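Remarks on the overall topology
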Amino acid sequence: MAIPFENTLSASGYGSLRTGWWLTGTGAAIILVWCFVAFSIGLPVTVSSADGRTVSATESLDITSTSDAPISSLPYQLGDAVAPGDVLITFDTEPLRLELTRSRERLAALRQEIDSIDLEIASTADSLTGELDSYDMAIEALAARTEETEAELRYAREAEALYRQFRAERQIDALQYARAHTEVAQIELQLQAQEAEYSELLANKRLAMSRNETTRAQLLRHRAGLAGELAELQPEQRKIEHRIDELTVRAPFAGRIGAMAGVAVGQSLQPGDWLMTVVPDREFEFQATFVANNAAGRLRVDQPARIRFYALPWTEFGTLDAQVLRVGTEERNGTVRVDFTLDTNAELAAQLSHGLKG
């Protein structure tokens with residue numbers, strides 16, 4: 001049985017209405033879910049820079065002339081790679097080296113003379129010690145003999161007194177008494193001679209000490225003069241050595257000669273004249289400029305980033321991963337500066353150079 005056309009239109013209208021309500025409900029649900037995710041969870045936001053370029057993480061160093069002496073060595077040319085400590089330029093140091101040689105020779109002579117004086121002072125002290133010891137031994141021996149002489153004198157005087165008594169009693173004659181008296185006189189003379197010898201020994205000992213002190217004082221005075229000259233020459237020598245070091249300019253870090261003045265060996269410059277610029281090797285950062293309104297509140301330290309370089313098409317070389325290092329806080333001409341650290345382990349990092357834009 002054929003279905004009336006009116007019934008077909010009615011069924012079709014009902015189906016279309018039901019499909020429209022279903023689509024509308026699904027779309028509303030999707031919008032609600034998106035709003036929830038956007039405002040509750042937070043969708044990632046991509047911000048692109050206006051421009052940027054690769055720069056050395058360590059600043060380039062300008063090498064300037066340190067002397068008006070002629071250039072004696074200039075081993076590197078523009079673009080050459082240098083390692084830390086490599087000699088970049090040497091000025092003529094021959095006059096300073098001759099002066100340094102004379103200074104070193106004079107210092108060596110002074111030290112040798114001072115050592116000789118020290119040995120002489122020690123020898124003088126040893127000599128005095130030996131001389132004083134000999135005087136002390138002689139004085140001790142003389143003191144022992146003097147004691148014996150004094151004992152003999154006491155015995156002789158007692159004998160003389162006894163002989164005087166015997167003579168008074170006429171028990172001995174005058175000759176025997178005279179002999180006893182003469183013996184006392186001789187012993188007294190001997191004792192006087194020993195006392196005189198003792199005084200002479202003491203005087204000689206004091207004279208030896210005084211002579212030694214005089215000699216030692218002279219040596220010490222001479223040594224002090226030499227030490228003073230030595231103290232004056234040592235800083236002068238260090239100044240000459242430092243000046244020679246200044247005339248030998250070395251690379252402070254690994255890099256390359258990024259710029260160079262038109263100078264040649266034998267040419268003289270004025271102190272402070274620019275010679276060359278050393279650019280650090282492969283220690284790069286990326287400096288980018290962002291529109292301030294786009295960056296405000298969106299860029300933070302440690303956020304990830306991707307960099308495309310104009311000279312290295314991303315379709316061939318890809319992009320380089322980076323990370324926000326610092327975000328500028330001052331706006332200039334509607335822009336803000338942001339610095340990035342680069343993934344140096346990536347294959348693209350080998351293509352980096354100072355000033356590469358992206």
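Everything below is about the structure printed above this text.
Residues numbered from 1 in each chain as written. Predicted model: local features only at pLDDT ≥ 70, side-chain atom pairs only at ≥ 80, totals over all residues. Heavy atoms only, no water.

Counting secondary structure elements, the protein chain contains 5 helices and 12 strands. Taking all 358 residues of the protein chain together, the buried fraction comes to 27%. Pairs at least 24 apart in sequence give 77% of the contacts found in the protein chain among residues at least 6 apart. Split by element, the accessible area of the protein chain, about 23700 Å² in all, is 53% carbon and sulfur. (Helix = DSSP H or I, 4+ residues; strand = E, 2+ residues; numbered from the N terminus. Buried < 20%, exposed > 50% of the residue type's maximum accessible area, 1.4 Å probe, protein only. Contact = heavy atoms within 4.5 Å. Areas by Shrake-Rupley, 256 points an atom, 1.4 Å probe, with all protein chains shown as cover.)

A word on the pairing of strand 12 (residues 335–342). The pairing of strand 9 (residues 284–291) with strand 12 spans 7 bridges and is antiparallel. When the bridges of strand 12 are listed, E285 appears paired with T341. Direction of pairing for strand 11 (residues 320–327) relative to strand 12: antiparallel, over a ladder of 5 bridges. Bridged to V327 within strand 12 is V338. (Pairing = 2+ DSSP bridges.)

Here we take up the pattern of salt bridges. Scanning the entire structure with this criterion turns up 13 salt bridges. Residue R145 is joined to E197 by a salt bridge in which the shortest nitrogen-to-oxygen separation is 3.5 Å. In this pair, R145 sits in helix 2 (residues 94–168) while E197 sits in helix 3 (residues 174–246), placing the two residues 52 residues apart along the sequence. You can call R145 partly exposed: its relative accessible area is 37%. Of the charged contacts in the structure, one is a salt bridge between D339 and R326, with a shortest N-O distance of 2.7 Å. Of this pair, D339 sits in strand 12 while R326 sits in strand 11, and the two are 13 residues apart along the sequence. According to the relative accessible area criterion, D339 is buried, its value standing at 2%. Look at the salt bridges and you will find they share partners, linking E285, R326, R337 and D339 into a network. (Salt bridge = Lys/Arg side-chain N within 4 Å of Asp/Glu carboxyl O.)

Before going further, it helps to spend a moment on the side chain of E160. Within the secondary structure, E160 sits in helix 2. Other than its neighbours up to four places away in sequence, E160 contacts Y177, A180, H181 and V184.

What follows is about the packing of helix 2 against helix 3. At a minimum axis distance of 7 Å, the contact between helix 2 and helix 3 shows a crossing angle of 170°. Between helix 2 and helix 3, the crossing angle belongs to the class labelled roughly antiparallel. Residues belonging to the contact of helix 2 with helix 3 are distributed by class as follows: 36 nonpolar, 14 polar and 26 charged. (Axes fitted to C-alpha atoms, helices over the stretch in contact; angles between N-to-C directions. Parallel < 35°, antiparallel > 145°, perpendicular 65-115°, else oblique. Nonpolar A, V, L, I, M, F, W, Y, C, P; charged D, E, K, R; others polar.)

To continue, consider the environment of A251. Position of A251 relative to the elements: it lies in the loop between strand 6 (248–250) and strand 7 (255–260). Linking A251 and I89, residues 162 residues apart in sequence, is a C-alpha distance of 9.4 Å. Once you skip the residues sitting within four places of it in the chain, A251 turns out to touch V82, A83, P84, G85, D86 and L88.

Phi angles above zero are rare outside glycine, and D302 is one such case at about 80°. Relative to the helices and strands, D302 resides in the loop between helix 4 (292–295) and strand 10 (304–307). A positive phi angle, near 55°, is found at N333, a position not held by glycine. Considering the arrangement of structural elements, one finds N333 in the loop between strand 11 and strand 12. Owing to a relative accessible area of 80%, N333 belongs among the exposed residues under this scheme.

Read across the open sheet, the 4 strands follow the order 2-8-7-4; overall the sheet is antiparallel. Because the sheet does not close on itself, it has two edges, and the strands there are strand 2 (61–64) and strand 4 (81–82). In this sheet, strand 8 (residues 274–280) lies alongside strand 7 in antiparallel orientation, the contact comprising 5 bridges. When the sheet's bridge partners are listed, G255 is paired in strand 8 with P280.

Aromatic ring pairs: the centre-centre distance and the angle between the two ring planes describe each pair. Tallied over the full model, the rule gives 2 aromatic pairs. Summarising the aromatic geometry, the rings of F286 and F309 are spaced 6.0 Å apart at their centres and angled 80° between planes, so their arrangement reads as edge-to-face. On the criterion of sequence distance, the pair formed by F286 in strand 9 and F309 in the loop between strand 10 and helix 5 (314–317) is long-range, its members being 23 residues apart. Like F286, the residue F309 is buried in the burial classification. Centroid distance F290 to F340: 6.2 Å. Interplanar angle 45°. Geometry classified as tilted. Taken as a pair, F290 in strand 9 and F340 in strand 12 lie far apart in primary sequence, 50 residues in all. (Phe/Tyr/Trp six-rings, centres within 6.5 Å; stacked < 30°, edge-to-face > 60°.)

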